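# Structural overview for review
The chain contents come next:
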Amino acid sequence: MSLPATPSTPYGGDYNPEQWPQEVWKQDYRLFDSARIDTVTLGVFTWALTQPAEETYDFTVLDRIVAEAEAHGRRICLATGTGAHPAWLARAHPEVTRTDFEGRRHRYGQRHNSCPSSPVFRRLSAAVAGRIAERYADRSAVIAWHVGNEYGGACYCENCTAGFRGWLRERYATLDALNTAWNTTFWSHTFSDWDEIEAPSALTEHWRGPDHTAFQGITLDYLRFMSDAMLANFRDEKAAIRRHSPDTPVTTNFMGMYRPIDYHRWAPHLDFASWDNYPPEDQSPAWMGLSHDLMRGLKDGQPFWLMEQAPSTTACRDVNPLKRPGVMRLWSWQAVAHGADAVLFFQMRASRGASEKLFGAVINHAGRDDTRVFREVAALGEELERLGSAALGARTPARTALLFDWDSWWTLEISDGPSRLVRYQQVVLSYYRALWEAGVDVDVVPVTADLSRYDVVVAPALHMVKGDLAQRLEAVAERGGSVLSCYLSGRVDESDNAFLMDVPGPLGPLMGVRIDEWDARGPEFANPVRFGDGSPDAEARLVFELVVPQGAEVLATYQADFYAGTPAVTRNPFGAGHGWYVAAGLDQAGVGHVVRQVLDAHGIAGRHPDLPHLETAARVAPDGTRLLFLLNHAAEPVEVPAGAGGLDLLTGEHITPGRPFGLDAYGVRVLREDD
Amino acid sequence: MSLPATPSTPYGGDYNPEQWPQEVWKQDYRLFDSARIDTVTLGVFTWALTQPAEETYDFTVLDRIVAEAEAHGRRICLATGTGAHPAWLARAHPEVTRTDFEGRRHRYGQRHNSCPSSPVFRRLSAAVAGRIAERYADRSAVIAWHVGNEYGGACYCENCTAGFRGWLRERYATLDALNTAWNTTFWSHTFSDWDEIEAPSALTEHWRGPDHTAFQGITLDYLRFMSDAMLANFRDEKAAIRRHSPDTPVTTNFMGMYRPIDYHRWAPHLDFASWDNYPPEDQSPAWMGLSHDLMRGLKDGQPFWLMEQAPSTTACRDVNPLKRPGVMRLWSWQAVAHGADAVLFFQMRASRGASEKLFGAVINHAGRDDTRVFREVAALGEELERLGSAALGARTPARTALLFDWDSWWTLEISDGPSRLVRYQQVVLSYYRALWEAGVDVDVVPVTADLSRYDVVVAPALHMVKGDLAQRLEAVAERGGSVLSCYLSGRVDESDNAFLMDVPGPLGPLMGVRIDEWDARGPEFANPVRFGDGSPDAEARLVFELVVPQGAEVLATYQADFYAGTPAVTRNPFGAGHGWYVAAGLDQAGVGHVVRQVLDAHGIAGRHPDLPHLETAARVAPDGTRLLFLLNHAAEPVEVPAGAGGLDLLTGEHITPGRPFGLDAYGVRVLREDD
Amino acid sequence: MSLPATPSTPYGGDYNPEQWPQEVWKQDYRLFDSARIDTVTLGVFTWALTQPAEETYDFTVLDRIVAEAEAHGRRICLATGTGAHPAWLARAHPEVTRTDFEGRRHRYGQRHNSCPSSPVFRRLSAAVAGRIAERYADRSAVIAWHVGNEYGGACYCENCTAGFRGWLRERYATLDALNTAWNTTFWSHTFSDWDEIEAPSALTEHWRGPDHTAFQGITLDYLRFMSDAMLANFRDEKAAIRRHSPDTPVTTNFMGMYRPIDYHRWAPHLDFASWDNYPPEDQSPAWMGLSHDLMRGLKDGQPFWLMEQAPSTTACRDVNPLKRPGVMRLWSWQAVAHGADAVLFFQMRASRGASEKLFGAVINHAGRDDTRVFREVAALGEELERLGSAALGARTPARTALLFDWDSWWTLEISDGPSRLVRYQQVVLSYYRALWEAGVDVDVVPVTADLSRYDVVVAPALHMVKGDLAQRLEAVAERGGSVLSCYLSGRVDESDNAFLMDVPGPLGPLMGVRIDEWDARGPEFANPVRFGDGSPDAEARLVFELVVPQGAEVLATYQADFYAGTPAVTRNPFGAGHGWYVAAGLDQAGVGHVVRQVLDAHGIAGRHPDLPHLETAARVAPDGTRLLFLLNHAAEPVEVPAGAGGLDLLTGEHITPGRPFGLDAYGVRVLREDD
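Residues numbered from 1 in each chain as written. Chains lettered and ligands numbered in written order. Predicted model: local features only at pLDDT ≥ 70, side-chain atom pairs only at ≥ 80, totals over all residues. Heavy atoms only, no water.

This paragraph deals with the overall build of chain A. Scanning chain A from N- to C-terminus turns up 17 helices and 27 strands. For 675 residues, the compact-globule estimate of 2.2 N^0.38 gives 26 Å, and the C-alpha radius of gyration of chain A, at 26 Å, lies within 12% of that figure. Here the C-alpha coordinates of chain A stretch approximately 75 × 75 × 40 Å along the principal axes. The burial tally for chain A puts 68% of its 675 residues in the buried class. Put simply, 72% of the contacts in chain A that link residues at least 6 apart link residues at least 24 apart. Both charge centroids of chain A, one from 63 positive and one from 88 negative side chains, sit 5 Å from each other. (Helix = DSSP H or I, 4+ residues; strand = E, 2+ residues; numbered from the N terminus. Rg over C-alpha atoms; globule rule 2.2 N^0.38 Å. Buried < 20%, exposed > 50% of the residue type's maximum accessible area, 1.4 Å probe, protein only. Contact = heavy atoms within 4.5 Å. Lys, Arg positive; Asp, Glu negative; His and termini not counted. Charge placed at Lys NZ, Arg CZ, Asp CG, Glu CD.)

Our next topic: the relation of the copies chain B and chain C. Between the two copies, chain B and chain C, the superposition gives an RMSD of 0.0 Å; the rotation angle is 120° and the shift along the axis is 0.0 Å. Given the turn and translation reported, the copies of this chain are related as if by a three-fold rotation axis. No C-alpha of chain B lies nearer the rotation axis than that of Arg104 of chain B, which sits 5.5 Å from it. (Least-squares fit on C-alpha atoms with pLDDT ≥ 70 in both.)

Residues and elements named next belong to chain A. Residues Val442 and Val444 point to one face of strand 11 (residues 442-445) and Asp443 and Val445 to the other, with burial holding for every one of them. With 4 bridges joining them, strand 10 (residues 400-403) and strand 11 adopt parallel strand pairing. Within strand 11, the residue paired with Leu402 across the bridge is Val444. (Pairing = 2+ DSSP bridges.)

Let us now look at the confidence of the model for chain A. Mean pLDDT for chain A: 97, with 100% of residues reaching 70 or above. For this predicted complex, the interface confidence score (ipTM) comes to 0.97, while the overall pTM stands at 0.98. (pLDDT = per-residue confidence, 0-100.)

Attention now moves to the UniProt feature "domain: Beta-galactosidase C-terminal" (unreviewed entry) in chain A. The sites that carry the UniProt feature "domain: Beta-galactosidase C-terminal" (unreviewed entry) are, in the present numbering, residues 614-673 of chain A. The span residues 614-673 of chain A shows a helical share of 0% and a strand share of 52%, and its end C-alpha atoms are spaced 18 Å apart. (UniProt positions renumbered as here; feature names shortened; annotations may be inferred.)

So, on to the domain arrangement of chain A. By domain assignment, chain A separates into domain 1 (11-87 + 119-153 + 227-387), domain 2 (158-221), domain 3 (400-601) and domain 4 (614-673). If you average the C-alpha positions of domain 1 of chain A and of domain 2 of chain A, the two centres end up 37 Å apart. (Domains from an automatic or database assignment.)

Structure follows, in structure tokens:
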């Protein structure tokens, strides 16, 4: 099963009429009409409403809400409402609340507050999901099921500890295997009974927080277990839905690069992926591009839904800047350019009270249709209508892959040494950014992905190398491709144990280097790195591996410290291709320089690599039509140099091949390329 | 009942002879004599002394202490001693200790450590207060009762949770009303039983601390409840005292701008206000002025007592600077200038051990009378003696009011969005500072105050607008006055729900503006604000509201970003007066410029607005005599321009009208103005 | 009993073959041979191995490990293995885990995790130590016993609370004495029953962490108690060992300047001292010198063992820099220069998994002998072999003593006021550094040490003055010596109560000054200090005492603030000598200037005071031979000016008296001085 079938890109978002008297609903739909909102996500936080007591279900209000949406001809993404449990449930069954990393059993409050291992929660969440599916499955307006909400966090209660032990038994079968995997002989930790194993927390193996652990093995496995435990929650509800609704696709809203959940392990269980895009800063096009591509990669390139984005401001940050005029539109089109087949907002009408009352909304507290934000929403609705089905189901034709790996993320960041300052996301983002600046389409894929279709595979901070990955990477080079990796890669096996061989472990033959020692320095210290090709020096920071070439050619060398003159960047001939290795934390210019060399070696080039704020992205529709998205992230207009021509689907204007054309500040063009 | 009747300004402070052998008492009184100390606060931490076991009271030592003070002719402010409970009480009744925000039940330690909802604590604290009143009520030396000490903090135990539920039942009567007030439909929080409601803490609705809550409604109500619960403790003791002492006034020492306690709700229950002045920095005259004026405003302008100040240094800060020579005197006179009818210190003799042994004291560990500090204390004693009763009962003749509102403080700072960096105290202080720099007498009053006597009402960060406040502010303008408010005002109703109307809600008609959106930026970003009158640009930071004038005149505009050219400061004609609105976080110069315009419109001007360190304050004695206090906060002498003349009560010198005169570094003059 | 008798400096370190299959052991010993590793520390974390269940001991593996070491002719430092308890123990007896400062009972995890007061832990740790001693005592290869590991941390459980009450009863006998010592009358804390006393923690007397306490007395005593409780653990095991091994010396590895444990109180119970040298930065020769000298001072100058150091990098820091080439050698020789009679590493082979897998090791994961690190280790092995027994048992001939006092450390840092920014280690280090830069040999000794052999006694931050210390310091001056002390000295007695006399208390007569008041400022503020001798101004920061000379001569004065012109440095003639006093936080140049004056007054001068990176240290062997160690801490070669001559024991080169000679970057010479 795949994405919901729709005639055009679904447009709308989270809508909570249960918070309002019915006369407000009428105003809402009048405003939805004027903004061409055709899709509403309903019921995300309705558990207390639909099940006001353990033995009572009451669908009076939800029936009305669904009926109203149907009556107005909207498509519905219907939620099970289990993202927050009701107060009565926490009182009747305290086990449903979580115990935090500090060992404190919480009491009723907030949302995303359920212990994933609680038998009561599992039973009742599945039950309510089943009831909702049973009741609304045959409504044609319901085009998708939305399970839970932004799964995440962690629990450390006794039920979770018991669940963890069960999970470990399944994984290791014997305590001997577990003791070996966790290297428990170190610090006298040999377990002689499964029940001796505790959830790793501030009260057991950790100090200074979740990243500082005495035993990486137990912490890594708990991260895996917790991701699996929440996946089980999702699967509980999905199974309950499936009993009543065999054909309507099921999703849950992901959060892009979200560390606690290994979305790659979840993806097979979703019919389609969806995610909520709240970038950490108000200037983050590459971060969003990476996140979109990661989401698209979850289901092998299948388009996804943009389930939430803010129409104007967030409220949850310390400082919540306003999206500049045009930015909401630009970012919406960026999502589509990277594979989104829906554009949805949180929230349609601003809540009156509680923690999101100042979160941006399509309709504000005064219910106006003449605000700037509403006008921009309406204008985008018009554009999406104009696009129609042109982009639906379209795929990205990438020759470059970037590996993203939760296991590497986890093990890199829970590692003691060499540097707590190296952060997985930042390393990955710097390599993605270099590709983005080069204007290259990229598939962001799991380490288990089929790599045979790519010319270039970039594997930054590939800390863990597991399964046959090393061989598959070698195969890429063998047949003429390039594999690019960097410092702190190839360090640990699937259990986070060091390889008993030279660093970078199984990547050694491909990279043609050996690393006996590594230096780490504070962020104030930079070591200049000089390229052999005469390009300007880059600066390296944080971690500096000392490379002993084992066949690799030296492309750049350190310029300072006792290892001045030794290699910082190398390229190793391997089969018909190469292994490239960056041994230190290069600055963005340095990473960009290496990445361009790799791309050049394969003749892969984006169109306008020298316009730093101009993003380009291609999608190929099921009928073979090629769409080219041009996105200007600058606050100034830009002149786009001559390229292929095509029809701008947003304006109807035809771009002549070989003729430069303009793009407004924050401007967007969607070109249906000429054949 | 009002302030204790005294022939002159009471001078002295907290005195703990119970810590010393009796031979030391003799030395103390000899030193008190030489410093003209006439008043001692006794018994602030004597509960363990006067009630050494649950069934035993023992007044032997306190009798001796009181007798010694009487014998030396001192006036006594007698404490009930309940600021810290005894160790035996915590052991016998663990319920008397607090459970903190993190959910941890504390055990015996520190002070201000009692659960306000503990029945045992309430019973025994009232009992000991009653016993003390019974024993000492007829001693003429006892001129005031000092209940508890610096009430504050919070408790989250089961007794408090139960108390909270009771408080809520009384406030809301029905769960429907409560669910509406807290907007519980959001995030599925509908309460179906009062017992489902938990105290909002780190274990329930909060993350990242007391300001980050999922539901502002419950957090706001808990703040109100906790303030009320401690007020009940005060009232318990006061009632017990009153049974034996019908005529002696009762107070407790407040802490100025102290967030946890809504002093406006407490004030009616005190016979007179008193407070402890420990400014956060060693250069804070405007902060102290605001605090004094707030304390004076608690009981409608009635003078207050300065119950504590440090003679030299504090000890509780990370860095404890020494008060420069003259500063203790200057700050003491500042208190009197703003309405203090007593000048008291903490502490008379330095404790030998524990956490305040290095806190400054009138008498140091060596018992010397030849230290700089002692000499300055003695000199001030002489001056106060010279002043006699001249200032007692005098009132401040202010035409300007500044609104201070705990509800606005709380709701502004627990709000999610737009910016956690906006702090209520800082915003209020910036407006007060502008008035202070202009040399204007200000009444700092609650939002319920009678505003009919003021020409100018300044309402900074008036986040919550409740009751008939909007109408009363309109009335000020209607009759020709000015009301000045600023960004983030008029946002929420009494339940912290957004007004379902344009921002600034009920202030909209008076301000003549409408705000659909607002931007927030980090502190490093400034938007220049240009005034139409050609004065220098100011800088705005943190929050920037986008103003759509609805009749208001534009006084200043933003100069940067997409909203460059739109209004940042406006003035709306309303009746015979005006509503003034500052839409962004202006710097001090900008606030000062707006405030001066407002004052100028009413011909209100302080005397020496251009001498930035020269403070002036007026008081009018009950007999109509007008006192003018001149305070030089600079470390250099200053020449005061010609003004009204008068007799300097401290030196006997006569200042000729129209003739300039000098003021020493940190100098003070108290002029009895010529008629 | 003293140090183990060995023919040369033991060389090797922590070795954990239990983590590896036996075929790896063979490789290890081959590598040990090539690096001249002659000593291995075995069994540090083997409790779970040797006692796999409460009723079962199993020495199969340890027997093999010991046999293998013996077979290869190594000397063994054999550990009892109790630094981490087994998982089965925590499950069977939860009391063995600790309760932390926040009041949270921990569950199984980490290491150094045992409650020192747990009867079960005490019984079983002594039992396993006894079993090991019984089994291996007669093996001649076992030359030392290593009890526990890096004792430290703290526990706040009920067993510890009960233990604390018992400790207090023994110390104070009566509650009256305790109430007086803790000054409990302050804040109503009078204890009327021993069981009312709680362990001082975040749940009782503390806020903001372990340094912020309402009652310094209880916190100080708990620090003392906890240090004693862990000492009792050590003594338990030592006694168990002694029952089977009367003659083999016993130690435990200390951590240099480690605040929680008062090593001076432990030292008499160790046969010899040993410590683990992990300097906080990668450039810290003076810090290491101080630590070495402190360790040497524990047992009155007896040499100690360097039990652990990293061959290359640590892993436990946020940033773990690599030791530069030559640095490991240099620091090893520095240890020997300061009195180390062993040079041992952690770790011999890098663990495969868990938190120290990236910690530097002699043998890396690939098992190589051709890494830089291995080669340096092997080269040092060769040098130590060349040295032979020349330095064993040698003593440092110091004329200068520096007092180091845990009680002063604790009370200074738990004090409320005047400044939390003053840190004991930093103050002490600045005075030590001045001596180090002057090239002077220093004994770092407890306040109870015999001072009669020193010309100069430096007592920085001697916050507490107890017993007859003041008299003994006076005796130093009396007979012509110099005593140098500084601000915040002489403040409290043994109970942390202020002296009821002028500051600096009992040091007043010797220092000839009186201090009535003190200022404190943030680190951004500096007061210039001008010396009377025309040398350049120094800067003072943080704390500024205002000195009233009582006979002392003024050497330097403040230049700013209201106390400009008053004394900052003084010298008081006392008997035939002097008391020197530095009243403020002078910068390093200022401290250096004062210290040089003191040294000059006694004609004490190091050899090369103007080569800032050249360290010199002397040791005198039992046969009277004088060894001079020259250590170049600079990354550049240095020319050493002419001095006494001698034979360089490392090269065999003879240094001619009166002739300059060279030292490589990070170079070392060990001169056997000519007679």
